[in-house]
Amino acid sequence: MDRPGRLLLLSELRVRNAACDVSLSRCLLTWKRRASSPVYRPFRPRFCVPLFHRRPLSGMSHSVPLSEIISVREEDEEEENGSGRKDDGSWKKIKDGDRLDGRLAFTVSYVERCQQHRWRCAEVTFTCPERALCRSWVSSIREQLASISSRPRSLLVYINPYGGKRQGKRIYERKVAPLFAQAGISTQVIVTDYANHARDHLRTAAELSKFDGVVCVGGDGMFSEIIHGLVWRTQIECGVDPNCPDEALSPCSLRIGIIPAGSTDCICFATVGTNDPITSALHIIVGDSQPMDVCSVHHNNMFLRYSVSLLGYGFYGDVLTDSERKRWLGLARYDISGVKMFLTHHYYEGTVSYLPARGMIGTPRDAGRCRSGCVVCQHNGQIQSDRAEKYETEKASDCEDDGEWKTIRGKFLAINAASMSCACPRSPKGLSPAAHLADGTTDLILVRKCSRFNFLRHLLRHTNKEDQFDLGFVEVHRVVRFRFTPRYCQSDSDLELELLENGKRQIFSQICRDHPACGCAPAYSSWNCDGEILTHTAIDVRVHCRLIKLFARGIEEPQVFEDLANPSAI
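Thresholds, definitions, all that
- Residues numbered from 1 in each chain as written.
- Predicted model: local features only at pLDDT ≥ 70, side-chain atom pairs only at ≥ 80, totals over all residues.
- Heavy atoms only, no water.
- Helix = DSSP H or I, 4+ residues; strand = E, 2+ residues; numbered from the N terminus.
- Buried < 20%, exposed > 50% of the residue type's maximum accessible area, 1.4 Å probe, protein only.
- Polar contact = N/O pair within 3.5 Å; in protein donor to acceptor, adjacent residues only side chain to side chain.
- Contact = heavy atoms within 4.5 Å.
- Salt bridge = Lys/Arg side-chain N within 4 Å of Asp/Glu carboxyl O.
- Core = buried A, V, L, I, M, F, W, Y, C linked by side-chain atoms within 4.5 Å.

Asker: What is the right way to read unusual backbone geometry from this model?
Answerer: Excluding glycine, most residues fall at negative phi; most peptide bonds, likewise, are trans. Although it is not a glycine, arginine 166 adopts a positive phi angle of roughly 60 degrees. Among the secondary structure elements, arginine 166 is positioned in the loop between strand S9 (154-159) and helix H4 (168-182). Judged by its relative accessible area of 56%, arginine 166 falls in the exposed class. Non-glycine residue histidine 345 carries a positive phi angle of around 60 degrees. Considering the arrangement of structural elements, one finds histidine 345 in the loop between helix H10 (332-344) and strand S16 (348-356).

Asker: Even after reading the chapter, I still don't get helix H8 (residues 277-285), so can you show me in this structure?
Answerer: Every α-helical turn comprises 3.6 residues, leaving residues that sit three or four positions apart pointing alike. Counting buried residues in H8 gives nine out of nine residues, a clear majority hidden from the surface. Buried residues of H8: Pro277, Ile278, Thr279, Ser280, Ala281, Leu282, His283, Ile284 and Ile285, and no others. Glycine 287 lies just past H8 and shows a positive phi near 80 degrees.

Asker: Any chance you could explain the side chain of serine 154 here in plain terms?
Answerer: Mapped onto the elements, serine 154 comes out in strand S9. One polar contact links serine 154 to serine 186, side chain to side chain, over a distance of 3.4 Å. Look past the residues within four positions of serine 154 in its chain and what remains in contact with it is Ile185, Ser186, Lys210, Phe211, Asp212 and Gly213.

Asker: What should I look at first to understand the pattern of salt bridges in this one?
Answerer: Opposite charge on two side chains permits them to pair, given that their charged atoms come into close proximity. This structure, assessed with the given rule, holds 27 salt bridges. The shortest N-O distance in the salt bridge between arginine 34 and aspartate 21 comes to 2.9 Å. Of this pair, arginine 34 sits in the loop between strand S3 (28-33) and strand S4 (46-47) while aspartate 21 sits in strand S2 (residues 18-25), and the two are 13 residues apart along the sequence. Overall, the relative accessible area of 33% leaves arginine 34 in the partly exposed class.

Asker: I keep staring at the nonpolar core and nothing clicks. Help me out?
Answerer: Across soluble globular proteins, you tend to see nonpolar side chains buried next to one another. With 47 residues, the main nonpolar core has Tyr158, Phe223, Ile548 and Leu550 as its most contacted residues. With six residues, helix H6 (residues 220-237) is the largest single contributor of residues to this core. Not counting chain neighbours up to four residues away, the residues in contact with tyrosine 158 comprise Ile190, Thr192, Ala198, His201, Leu202, Ala206, Val214, Val215, Cys216, Val217, Met222 and Ile226.

Dropping the structure here:
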């Protein structure tokens, strides 16, 4: 934490009828109870959201980073304007005391850390002996908050009312919008009417110069719409051809916020540590910034999609394809399709070529995890930036001169590329626990043909502490680019036709696929790209380092939560 620095204000104020020395610097708000002051009640912050069970703060000294203060309000001013909230018992008692001795109060709302990486909005009220001092404190804190340039002032919000349990609009209106209003953030809210509505609006109609960020309320699919609209528009404005796989893409200037309201919310979980709308909203308010890599997927010099989490061929592609035929089952369709595809046990032949990540620290088998302030992301991200500058300066004809391509041929049950851990509540470790958010690489996981029992061992290790890569039929490589070509040639319309048939060929067609000698079409899987099906199997994937930024800071270590849950330790 930053050093307190020069004090801006130092006064003796009262907190819950206890005299405290309160100080304000450019980075900390601190209050410490005077030793001679009687204590009538222990300090317990009031929460801006429904109360939940928590351990009361201990100790005599409390500190809050200025960057984590949400707002400050003068209670007398709020009462005069008639905008105050309904008082509870303790609040009324404080105000009654103010009327008796003529003192005024101001309330500071700030971030309070809870268990499981959750944040809450807590409040502390300071009582001043005179009006001038109260206003001086309020104006000083507001002035310092206004000087934090990383905080958003205006946001463009897209709400998906159909994702997950169809609670997106309700979650935003009840939990998020009040916090944005309290922090003084203006918003333009658009409720999407159809698939790719947000993507299309961002590409053409949105006046992005008016906003400091874009927020999506929904799941991973809604987030995918946002990046496809924002990244595409950025490339067009910068004169970059998105259809050229060798082009270095220009990073987006606007940050993206995610309010989880979908079925999985994998990206939110991997960047914040929890799928909690209030926590995500508070990360947006304080102006956090977390860079993130994005993979571009091409087929024959034609752009297909962007990916930020998982590209899966074979098992995960089959599960998604089959589950799309069972959408009427709701979220249960993923479990049913997963069991079905495991029993079917398809394997697919093809060739994987990849460009290994060279000169970087970290491997996919590391015990360390990508966390807030990750050293691996900082080091490798700088290396990638230096290489990009060198490439632009020398105008090299081939960006692949930094390494030698490697090729693997075989029969695979699954081919996965994880650009992040892909952790979620069902799989706390994720597909690749040591994958990093912003190091310019992706972890290429190859699961070769094996027995059902061995494949089940591999799948189960995603849910326990065993190493899912410590198996003879599994190999993992950290790469900056890779290509996949199926063994059999596929026309551009084969997979589209198969998807349109919507399951007409079921049991017998699958048997025939495993035995091409019978004259049936060869076996093809499909690529699962962040929950969307790609219509091509032969693809070229390139990692673009730190192409976007999120309103997040990465998952904080448990020690940070322990220290800040007890501010007297600061």
